Amino acid sequence: MRWLNVLIARLRALLSRDKVLHDIDEELRAHLEMEVEANREMGMTPEEARLSAAKSFGNLGSIRDLAYEVRGGGFMETVWQDLRYSARMLFKHRGFTIIAVLTLALGIGANTAIFSIVNAVLLRPFPYQAPEQLVIVGEYVPGGSVSYPNFVDWRDDRNVFESASAVRSNESYNFSGAGEPERLQGRLVSAGFLTLLGVKPLVGRDFLPEDDRPGAAPAVMLSYGFWGRTFGNDPNIIGKTITLNNQSYTVTAITPQDFEFGLPADVTIPIGLSAERFKARGADPGISVVARLKPNVSQQQAETELNVVYKRLEQHYPATNTGRRGVLMPLHENFVGSVRQPLLILFGAVGLVLLIACANVANLLLVRASTRKREMSVRVALGANRWRIIRQLLTESLLLASIGGVLGVLLAQWGTSFIASQLPDSIPRLAEANVELRVLMFTLGVSVVTGLLFGLAPALQASRLNLTEALKEGDRGSVGRHKLRNVLVVSEVALTLTLLVGAGLLIQSFRRVLQVDPGFETQNLLTMQVSVNNPDGNQVASFFKQLQENVRSLPGVKSVAISNGLPLRGANHPVFFIQGRPLPEPGKAPGGIRYTVSPDYFQTMGIELIKGRVFGSQDTPSTPPVVVIDEALAQHFPNEDPIGQRLSQSASGGPIYEIVGVVRHVEQYNLEGQAVRTPQFYLNFNQVPAERWPGLVRRINLLTRTDVEPTGLAAAVRGQIAALNKDQAVFNVRTMEQIVSESVAPRRFSMLLLAVFAVVALALAVIGIYGMLSYAVAQRTREIGLRMTLGAQRTDVMRLVIGHGMKLAVAGVVAGLIASFALTRTMRSLLFGVSATDPITFASITLLLAVVALLACWLPARRATKVDPMVALRYE
Amino acid sequence: MTNPKADLLQGTLDMLILKALSLGPLHGYGIIQRIRRMSDEMLTVEQGALYPALYRIELKGWISGKWGQNETGRKAKFYKLTLAGQKQLRLEEESWDRLVLVVAKMREAT
């Protein structure tokens, strides 16, 4: 009950401060009056009576304050008082405050920015209903492509899933609205896709099974963004038709504003409409399947059930389904699994930066504590107890951290959008990254912890003072304080070394990646994509023939080619069969990457011919079909000459291609290669029969090799396309160097960010060492002067000071090396061509840090040698 | 805060105040006068000590204050002993007696 009284009193004192004070005043005045009256009764004059009473009362103000404190005003009042005092102190020592606040703002801001990214990408739940029940089904491997007929066969098996939907992202459509033809990103899904995810369309309805079959009336759902920018958010669009790829689609729904699923898509279309395209059971059509687990069924149980079905399919379709099985992975894992580790490493790194910042500010506080010793002593002499001093100093620290936190949030606002804009689009949900409530809570927590972290030790130190000693001038600082400062410097160096090693390893990896020979020439190569939707094969073929000729005639153009795939961008993935060999077991046929290219492709790309010949004018639709293979495919002929051998793409029937040449392998997905290189083979566009052209040219790359800067020619090439067909959409205009650069963008990003953190850490550590030594030199001026009077040379003094600094630096480096050995292991998966304990990196970083530390020691050491012994001895 | 001497003095002052109030409700000035009279003019409590002690004891719930009028019609705050205060006074008197007894015994022993 007592605490309740106290609490009520405190609250009352805080809320009605004036009333409480007034109450006390009244009471004291009544007392005084009574005293005066009593004095009068004893025969004093009114004047004497008043004076005597006042005298006996003593200091009215201090009684009042004391009384007020007892009546509960104390606590909140003191907090307020401490705050005001802190603010005054911080304002008075502006230099210190600015440095400390900026250091903290940098640390807290960087942490907030990275956390807001981590929050958006990793922590925030997906905006679906019960997302933990959602899984991604793949064949063979987690997240692998699923054959559409297989999906259709098990989709309706209610033993396995609550529901399932096929999803094919990265579709593209030509949208001819009112103005210029526009290229749209599309997605194919099964009926019930939104219902499965538990997402309600903004307007309209989800796809029904009758929309999701061949020959159905084409339906489409529009994304919120596309709906807004093209139709001005007009809800009456539902039921109207839009034209995609020259076909009319009826709009059935608008998806909600925050809806997303994998790659962005402007339009979503039932996959069943194009079932014909995916009818090959043995194909890998790039379809993934999202499914909802049945209630109380674990992922393992569902996978077991699913593979019962796959066993059955294997018996029915041995040719295509032997060995095929379903693999489940959580939806969350599928979307963010690959970015989790890099993000967490960056998050850890930025945490280290904050720790270093804390160490620096703590160091500054320690320096200031020694200059404020007299202030503290006076306060103690005036009756402040130790707790009171600690509270005052911690209030100052927390105030500093809070100002740093507020600035940090502002910094993070900008930093988050900057980082998000620099990150590759392939990272999901990045667009949602912002400084939201949870991030602010994080920042608040970080600020408080930071304030305590850097404030507590100096406050404890400062409060432990011996009054008589401290009040005397010229105190030389206690040993304990030096020890603490040394520990701070050592840990700063250690943390910095760890960050530098991490950044160094990533930089090394990045250099190695850039040194990888992609197998073609990346300079002076312009690429763009065109998509043609025209069922007339002859027209399509002549369009491309004419287009290549026209572009080739442009000044500055060396050669031109078309291709349906591009290195570093992925391509088709069919199987192939070598003629004259026993048929491989079903499902065991080797897979390759198939390009269909025009004859000038190899010359335009700069892909080196190793053996035989590339396509030439002798290859026509009427001559026997030929194929060019890469080195990886040539390894399928270990003891024979591949030239003259023959390939087919189907176990039975279909064209048989004669191998006429072997070319260099090109890196297909990124520069980092794969453990096993996937074979590549090239077919000739000129041998493709006219009726197959329309199916091949959904997405064609037009490649232009120039002898000038290629971006300058982009407009001219586009002009040639428009001259042939003004409605032809052109997209993804890039130089090959841009494509290479985009393919290494994620790596460059984490490398740059970690490097920036490491440099900031290094700067902070240098300031830390320098500040600590400068202060030590200033404190030891008298001692140094004495030494010099007794015959010490400048070199001795130098050695003394530098020795002190370097001893700490070496201790830090040793601790840092140990920490690095332990920590760099965690980033192994981010490294390329360099080991996590790469001796060169470790050695060069150690050397770098040693040199920098030496520099930081040298300046204060030089100042020490400038000490004039006479002045120093008279110092203080 | 953990100065034993101060605690002793404070505890004593608390007891004196409680004792003074056990004779009837009184204002601050009156408490000082009453303590002086009760101690045969030997003890004078300073105002600076009295009021903080009064407020502290009031927070503990041993006394309760209420504005009223004194004999000359002046407005003053009167404090009166609560039930808890009476109990506390008994406790303090007992422990004080015990202390006196112990000290007396020790002195006799020398």
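Residues numbered from 1 in each chain as written. Chains lettered and ligands numbered in written order. Predicted model: local features only at pLDDT ≥ 70, side-chain atom pairs only at ≥ 80, totals over all residues.

1. So, the overall build of chain B
Each helix and strand counted, chain B has four helices and three strands in total. In sequence order, chain B lays out its α and β elements as α-β-α-α-β-β-α. Per-residue burial over chain B gives 26% buried out of 110 residues. In chain B, 46% of the contacts between residues at least 6 apart in sequence involve partners at least 24 apart. (Helix = DSSP H or I, 4+ residues; strand = E, 2+ residues; numbered from the N terminus. Buried ≥ 20, exposed ≤ 12 C-beta atoms within 10 Å, placed from the backbone. Contact = placed C-beta atoms within 7 Å.)

2. Details of the environment of Arg379(A)
Residues and elements named next belong to chain A. Of note, Arg379 is situated in helix H12 (residues 373–381). With 15 C-beta atoms packed within 10 Å, Arg379 lands in the partly exposed category. As for Arg379 and Ile389, which are separated by ten residues in sequence, their C-alpha atoms are 8.0 Å apart.

3. Some points on the nonpolar core
Buried together is how nonpolar side chains tend to be arranged in soluble globular proteins. Residues and elements named next belong to chain A. Membership of the largest hydrophobic core comes to 152 residues, with the highest contact counts inside it found for Val353, Val493, Val627, Phe757 and Ala761. Tallying contributions element by element places helix H11 (residues 331–371) first for this core, with 19 residues. Split by domain, the residues of this core number at least three in each of domain 3 (338–514 + 745–874) and domain 4 (532–728). Contacts of Val493, omitting those with residues within four sequence positions, involve Ala765, Ala809, Gly812, Val813, Gly816, Leu849 and Ala853. In this structure, Val137, Ala164, Leu197 and Trp227 belong to the second largest nonpolar core, which totals 52 residues. (Core = buried A, V, L, I, M, F, W, Y, C linked by C-beta atoms within 7 Å. Domains from an automatic or database assignment.)

4. Concerning unusual backbone geometry
Residues and elements named next belong to chain A. In the Ramachandran plot, Asn246 falls in the positive-phi region, its phi being about 65° despite a non-glycine side chain. Inspection of the secondary structure puts Asn246 in the loop between strand E6 (241–244) and strand E7 (247–254). Using a count of 11 C-beta atoms within 10 Å as the deciding quantity, one classes Asn246 as exposed. The phi dihedral of Asn732 falls on the positive side, at around 50°, and the residue is not glycine. Tracing the chain through its elements places Asn732 in strand E21 (residues 730–735).

5. Regarding the environment of Leu497(A)
Residue and element names in this part refer to chain A. Of note, Leu497 is situated in helix H16 (residues 479–515). Sequence spacing of Leu497 and Ala765 is 268 residues, and the spatial spacing of their C-alpha atoms is 9.7 Å. Filtering out sequence-adjacent residues up to four positions away, Leu497 remains in contact with Gly812, Val813, Gly816, Leu817, Ser820, Ile845 and Leu849.

6. Overview of the pairing of strand E18 (residues 656–663) of chain A
Residue and element names in this part refer to chain A. When you tally the buried positions in E18, you get six out of eight residues, the bulk of the element. Sheet topology places strand E15 (residues 609–612) next to E18; three bridges connect them, and they run antiparallel. Looking across to E18, one finds that Gly612 is bridged to Gly661. Across five bridges, the pairing between strand E16 (residues 626–630) and E18 is parallel. Directly across from Val627, in E18, lies its bridge partner Ile659. Sheet topology note: the strand E17 (residues 646–648)/E18 ladder contains three bridges and is antiparallel. (Pairing = 2+ DSSP bridges.)

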